[in-house]
Every structure is written in structure tokens, then in C-alpha cells.
Amino acid sequence: MIGQDLNADTIVEFIADIFERRGAESYLGEPVTMSEHMLQGAWLAEQDGAPDVLVAAALLHDIGHYTSEFGTYSPDDVEDKHHDEAGGEVLAPFFPPVVVDCVRLHVAAKRYLCATDPTYFSRLSPASVHTLSLQGGPMSADEVAAFRENPFHEEAVRVRIWDEGGKVANMRTRAFRDYVPLLQRVVHDFANRP
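A. Main features of the pattern of salt bridges. Under the defined criterion, the tally for this structure stands at 13 salt bridges. Put simply, glutamate 20 and arginine 177 hold a salt bridge, and the shortest N to O gap is 2.8 Å. Remark: arginine 177 occurs in helix α10 (residues 176-191) and glutamate 20 occurs in helix α1 (residues 11-22); sequence separation between them is 157 residues. Taking the shortest distance from any N to any O, the salt bridge between arginine 174 and glutamate 46 comes out at 2.9 Å. Taken together, the residues span a long stretch of sequence, with arginine 174 in the loop between α9 (153-165) and α10 and glutamate 46 in helix α2 (residues 34-47) at a distance of 128 residues. For arginine 174, a relative accessible area of 36% gives the class partly exposed. Each of Glu30, Arg160, Asp163, Glu164 and Lys167 takes part in salt bridges that share partners, so that together they form one network.

Here it is, written out as C-alpha cells:
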């Protein structure tokens, strides 16, 4: 991202270029590529009737895997790479807080769901179970209370559920370019807020 002249007029095309160049990369050992995973999240959000901002958040939730200076995930990792924070940082100048917080909190939302929903852990893929252990495991009661203080915690939980659902081989979804107008609307509305 450094060295690019990014602004509200260029950020969506910049992200589209990332998807096109790097979207075929493996996604954490799952049966989908990185772009397939993110597109499935957006598709699931659309199927749930989510507003544009949550479709955008679901689509971009793992953008930090492309932007983190710590590199991409490997099943051999022994520490978290903080792609959630990296993604939130990259999007913050251009997207509304609900999108940024959903990206920033989607890992915390996994930890939250594992602590508050007795059935959620059994729905995690093996890669998600592994990363959960690197990310701190299920939240403590104090962490749950702190997570609930975030004004967009419920939205982040929705994005997390679509995230976990977006790991299906050969699922038909829209292409990234189909979401460009939606992303441009979200960015434009944020840039032109009163």
C-alpha cells in the first residue's frame, strides 16, 4: 500500500487489482482460494439481505492477508499475524467505521462466538481451530463484556458467520468486479458524509 496515491477515487480499483493478482492464492489450507473465500462471504451476506456496508465488510474481511507486512498464514505458524488489524488499518481512511470495525473485529468475533455459543466451535474448519489457538482461544468473561461494548459488535458477529460459511469448494458466487459499484457507493457515501 505504501507509495500508492490512494484516495476515495482510487481505492476500489486498487483493491480490485489485488484480487485479480493475488486472489488465486491458497486460503489457509481450505478447499477455496483467498478470493473465493471472500466472494463467498459477500455472497452469503447478500443472501441474508445484508445492507451494502455489511456486504462490503464480508467481501473485504480478509484484505489484511494481502496487506500485512507479516506475510501470509501457514499451517505451521506458531503466532498470530494480525491480518484483522492490518485490514482495518488499510480500509479506515476510505470506508465507514462499521466496515472497518467488522474487518478489525472478525477474529475477535470468532473468539466471542466460541465463548458464547456452545455449538459454534464444532462449525469451525480445522484451519479456523488452529488459528483460534494462535488468536487467544475463546474469550474470557471480561473479554466478552469488552467486545460487547463495541458499537458494531453485532455486525462483526454477522460477518464472522459469513466468513466461516465461505469455505465451500465450487460455490457459485458473483465475481469481484460485480461488487465494484457497491464498493464505490460505500466509499463515496463515506467520503461525502455531512
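And the narrative resumes.
B. Main features of the packing of helix α6 (residues 97-116) against helix α7 (residues 126-134). Orientation of α6 relative to α7, taken along the N-to-C sense of each, is 95°, at an axis distance of 11 Å. In terms of orientation, α6 and α7 fall into the roughly perpendicular class. Contacts between α6 and α7 involve Lys110, Arg111 and Cys114 on the former and, on the latter, Ser128, Thr131 and Leu132. Grouping the amino acids of the contact of α6 with α7 by side-chain chemistry returns two nonpolar, two polar and two charged.

The rules behind the values
Residues numbered from 1 in each chain as written. Predicted model: local features only at pLDDT ≥ 70, side-chain atom pairs only at ≥ 80, totals over all residues. Heavy atoms only, no water. Salt bridge = Lys/Arg side-chain N within 4 Å of Asp/Glu carboxyl O. Helix = DSSP H or I, 4+ residues; strand = E, 2+ residues; numbered from the N terminus. Buried < 20%, exposed > 50% of the residue type's maximum accessible area, 1.4 Å probe, protein only. Axes fitted to C-alpha atoms, helices over the stretch in contact; angles between N-to-C directions. Parallel < 35°, antiparallel > 145°, perpendicular 65-115°, else oblique. Contact = heavy atoms within 4.5 Å. Nonpolar A, V, L, I, M, F, W, Y, C, P; charged D, E, K, R; others polar.

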